[in-house]
Amino acid sequence: MGCPLWTHTSFAISYRNPDESVGTITLDDYLTEGPVAAMAAVADITGSAAVNLTGFGLGGTMAAVAAAWQAGSDGPRVESLTLLNSLLDFTDPGPLGLAADAAALARLERLGQAAGGRGLVPGGTVAATFDAVRAHPLMWRYLVNDWMLGREPPASQVMSWNADVTRVPALALASFVRTFYLDNRFATGGLALGGRSLSLSAVKAGAYVVAGRTDQLTPWQSAYASARHLCGPTRFILADGGHVGSVLAAPGRPTSHLAGDGPLPASADAWLPGAQEVPGSWWSDWITWLSTRSGKLRRPPSVGNHNHRILADAPGRYVWQR
C-alpha cells in the first residue's frame, strides 16, 4: 500500500489475520516473505536502490533483522532504520517477559502441533496477554467505569483498534519467544534466519529510535539499550505517552519529546540529563531527519506496476478478514 508522507513515497505492510491455511508458516517466512519481499517490491515499483525502513513494536524487531539480512544481499540498500517502541536486546523485556518463559514456550509448541502442525494462538488469548500486562489502562479502568458505575465507555479510535484482535501461528510465535525472549540471539550474535547468520553489527544505516516514556510493553530504558547495539549514527527520541500514544503524537497536539544524537552513553540514566527537550511532535523532527537520507524530490511513482498489480484500494483486503 503506497501513500504520500510529507513528500515521501510510503508503503505499508498490511498484517494478515492467519487461518489454518497458513498455520505452518515459520519465523523465517515472516522475514523473507514479509519485510524482505516488501523491500524488493518497493524497489521494483519505484526504481530506487535504497529504502528508509520503519517498524513498530515486534515489527521493529523484524525490521532490524531485515536490515541485517539486506546488508548481506544484492537487494535494495537500507538507507535508514526507524524503530518505534521496539526491542532488539531482550535482556530486560519488561512485563511481557513474564509471559514469555519456558512454560509458555512449551504450551505454544503443543498448540502449534495441533491440526497437523497448523495450530493458531486465538486472537483473544493474544489480547488477554497484552491486557494483563497493562491491567490498569486496559482492564481495571473499564471494569470500574463500565461495570461498577454503569457508564458508557467513550468512543476511541485506539481502543477500537485494540479490540480488533488477530491470531498468530503458534509455531512461529514459539520460535520468536525462544529466539528473542529466551535466548536473546540477535543481541548476542547467534541469530540464524532464512538460512543466514544475522548480526546487529551488520546494521550500519542511520537509525531513528523512538520510545514512549510510559510504555509498559517496551520499557523505554530497554529500547535505549537496544539502540546502543546499532552501529550507525543513531538519534534517540523519548516521547510522551505509552506504547501507542507516543507513536500517535501527530503534529498539532500539545506534546513534547526529548532528543539526543549518538554516540549514546552507556545507560539510559546517563543519557537523560543531557537530552534536549523539544516542544511539539517528534514526527516533524523525523521527517526532517528522513529528508537528509532520501533522494531528490521528484514526481511520485505510480502505485504498482506490471510485476506488482493493484489488488484493491486501501486499506486492502486483509483488514476485512476476521
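I will try to describe carefully the structure that is included in this document.

Basis of the calculations
- One numbering rule holds for all chains: residues counted from 1, following each sequence as written.
- With the structure being a predicted model, the display of local features is reserved for residues of pLDDT at least 70 and the display and counting of side-chain atom pairs for 80 or more, all residues being used for whole-chain, interface and lining totals.
- Note that the side-chain values use all heavy atoms of the structure and ignore hydrogens as well as water.
- Buried residues are those whose accessible area, probed at 1.4 Å on protein chains only, stays under 20% of the maximum for their type, while exposed residues exceed 50% and partly exposed ones sit between those limits.
- Under the DSSP-based scheme used, a helix requires at least four consecutive residues in state H or I and a strand at least two consecutive residues in state E, with every element numbered from the N terminus.
- For this quantity, the arc is that covered by the directions from the helix axis to the C-beta atoms.
- Any pair of nitrogen or oxygen atoms within 3.5 Å is treated as a polar contact; in protein, a donor-acceptor pairing is required on top of that, and neighbouring residues in sequence qualify only through side-chain atoms on both sides.
- Interaxial angle, 0 to 180 degrees, is taken between N-to-C directions of lines fitted to C-alpha atoms, where a helix line uses only the stretch in contact.
- Should an angle fall under 35 degrees it is called roughly parallel, over 145 degrees roughly antiparallel, and 65 to 115 degrees roughly perpendicular, with every other angle called oblique.
- A clockwise turn of the near helix away from the far one marks a right-handed crossing, whereas an anticlockwise turn of less than a right angle marks a left-handed crossing.
- The contact criterion used is simple: two residues touch if any of their non-hydrogen atoms lie within 4.5 Å.
- Residue type decides the class: Asp, Glu, Lys and Arg count as charged, Ala, Val, Leu, Ile, Met, Phe, Trp, Tyr, Cys and Pro as nonpolar, and the leftover types, Gly among them, as polar.
- Note on pairing: two strands pair once DSSP finds at least 2 bridges between them.
- We call a set of buried residues a nonpolar core when its members are Ala, Val, Leu, Ile, Met, Phe, Trp, Tyr or Cys and they connect through side-chain atoms within 4.5 Å of each other.
- The definition of a right-handed crossover adopted here requires that, viewed with the strands pointing away, the path from the first strand over the helix to the second runs clockwise.
- Any Lys or Arg side-chain nitrogen found within 4 Å of a carboxyl oxygen on Asp or Glu counts as a salt bridge.
- Under the convention used throughout, the expected extent of a helix is 1.5 Å for every residue step, that is, one less than its residue count.

1. Quick notes on helix H13 (residues 282–291)
Line of reasoning, step 1. Three or more residues of H13 are buried, namely Trp 282, Trp 286, Ile 287, Trp 289 and Leu 290. End-on view of H13: buried residues confined to an arc of 160°, all on one side of the axis.
Line of reasoning, step 2. Of the residues flanking the start of H13, the one acting as N-cap is Ser 281, its side-chain oxygen 2.9 Å from the backbone nitrogen of Trp 283.

2. With respect to the packing of helix H4 (residues 102–112) against helix H9 (residues 170–182)
Pairs of packed helices are described in terms of their axes, by the angle between the two and the distance that separates them.
Line of reasoning, step 1. At their nearest, the axes of H4 and H9 sit 8 Å apart, and the two run at 155° to each other. Relative to H9, the element H4 lies roughly antiparallel. For H4 against H9, the interelement crossing comes out left-handed. Together, Ala 102, Leu 105, Leu 108, Glu 109, Leu 111 and Gly 112 of H4 and Ala 170, Leu 171, Leu 173, Ala 174, Val 177, Arg 178 and Leu 182 of H9 make up the contact between the two elements.
Line of reasoning, step 2. Classifying every residue of the contact of H4 with H9 by side-chain character gives 10 nonpolar, one polar and two charged.

3. Focus: the sheet that holds strand S4 (residues 77–84)
Line of reasoning, step 1. Read from one edge of the open sheet, six strands run S3-S4-S9-S10-S11-S12, paired in mixed fashion. Strand pairing shows two members of the sheet lacking a second neighbour, strand S3 (50–56) and strand S12 (276–279), which therefore form its edges. The mean inter-strand angle of the sheet, taken between neighbouring strand axes irrespective of direction, is 20°.
Line of reasoning, step 2. Alignment of S4 against strand S9 (residues 206–212), held across five bridges, turns out to be parallel. Counterpart to Ser 80 in the pairing with S9 is Gly 206.
Line of reasoning, step 3. Sitting on the sheet, H13 is in contact with S3, S4, S9, strand S10 (234–239) and strand S11 (256–261), with an inclination near 170° to S9.

4. As for the nonpolar core
In globular proteins that are soluble, nonpolar side chains generally tend to be buried together.
Line of reasoning, step 1. If you look at the biggest cluster of nonpolar residues, it comprises 57 residues, and the most contacted ones within it are Leu 31, Phe 186, Leu 230, Phe 236 and Trp 271.
Line of reasoning, step 2. Among the elements that line this core, the one with the most residues is helix H3 (residues 58–71), at eight residues.
Line of reasoning, step 3. Leaving out residues up to four positions away in the same chain, Phe 236 has contacts with Val 209, Ala 211, Trp 220, Ala 223, Tyr 224, Ala 227, Leu 258, Ala 259, Gly 260, Leu 264 and Trp 271.
Line of reasoning, step 4. Leu 84, Val 210, Ala 259 and Ile 287 belong to the second-largest nonpolar core, a separate cluster that totals 13 residues.

5. Considerations on the pairing of S9
Line of reasoning, step 1. Counting buried residues along S9, seven of its seven residues qualify, which places the element largely inside the surrounding structure.
Line of reasoning, step 2. The two faces of S9 match: Gly 206, Tyr 208, Val 210 and Gly 212 on one face and Ala 207, Val 209 and Ala 211 on the other face are all buried.
Line of reasoning, step 3. Note: S9 against S10, six bridges, orientation parallel. Across the sheet, the residue bridging to Gly 212 is Ala 239, located in S10.
Line of reasoning, step 4. Between S9 and its parallel partner S10, the chain crosses via helix H11 (residues 220–227), and the hand of that crossover is right-handed.

6. A closer look at the packing of helix H2 (residues 35–46) against H3
Line of reasoning, step 1. Close contact between H2 and H3 brings their axes to 9 Å; oriented N to C, the two are set at 65°. Pair H2 / H3 crosses with right-handed handedness. Side by side, H2 and H3 meet where Pro 35, Val 36 and Met 39 of the first sit next to Met 62, Ala 66, Trp 69 and Gln 70 of the second.

7. A word on the pattern of salt bridges
Line of reasoning, step 1. Applying the stated criterion to the full structure yields six salt bridges.
Line of reasoning, step 2. In this structure, the salt-bridge partner of Asp 183 is Arg 185, at a minimum N-O distance of 2.8 Å.
Line of reasoning, step 3. Of the residues examined, Arg 185 reaches a relative accessible area of 28% and is grouped as partly exposed.
Line of reasoning, step 4. Residues joined by salt bridges that share partners form a network here, namely Arg 235, Asp 261 and Asp 285.

8. Thoughts on the environment of Gly 280
Line of reasoning, step 1. Turning to its location among the elements, Gly 280 is positioned in the loop between S12 and H13.
Line of reasoning, step 2. Between the alpha carbons of Gly 280 and Pro 254 there is a distance of 6.5 Å; along the sequence they are 26 residues apart.
Line of reasoning, step 3. Apart from residues no more than four positions distant in its own chain, Gly 280 is found in contact with Thr 255, Ser 256 and His 257.

9. Focus on H3
Line of reasoning, step 1. Compared with an ideal rise of 1.5 Å per residue, which puts 14 residues at 20 Å, H3 spans 20 Å between its outermost C-alpha atoms and is within 8% of the ideal.
Line of reasoning, step 2. For H3, the buried fraction is high: 11 of the 14 residues fall into the buried class.
Line of reasoning, step 3. Among the residues of H3, those classed as buried are Gly 60, Thr 61, Met 62, Ala 63, Ala 64, Val 65, Ala 66, Ala 67, Ala 68, Trp 69 and Gln 70.

10. Side note on unusual backbone geometry
Line of reasoning, step 1. The peptide bond linking Ala 314 to Pro 315 adopts the cis configuration, its omega dihedral lying at 10°.
Line of reasoning, step 2. Along the chain, Pro 315 falls in the segment after H13.
Line of reasoning, step 3. The phi dihedral of Ala 115 is positive, around 55°, even though this residue is not glycine.
Line of reasoning, step 4. Tracing the backbone shows Ala 115 in helix H5 (residues 114–117).

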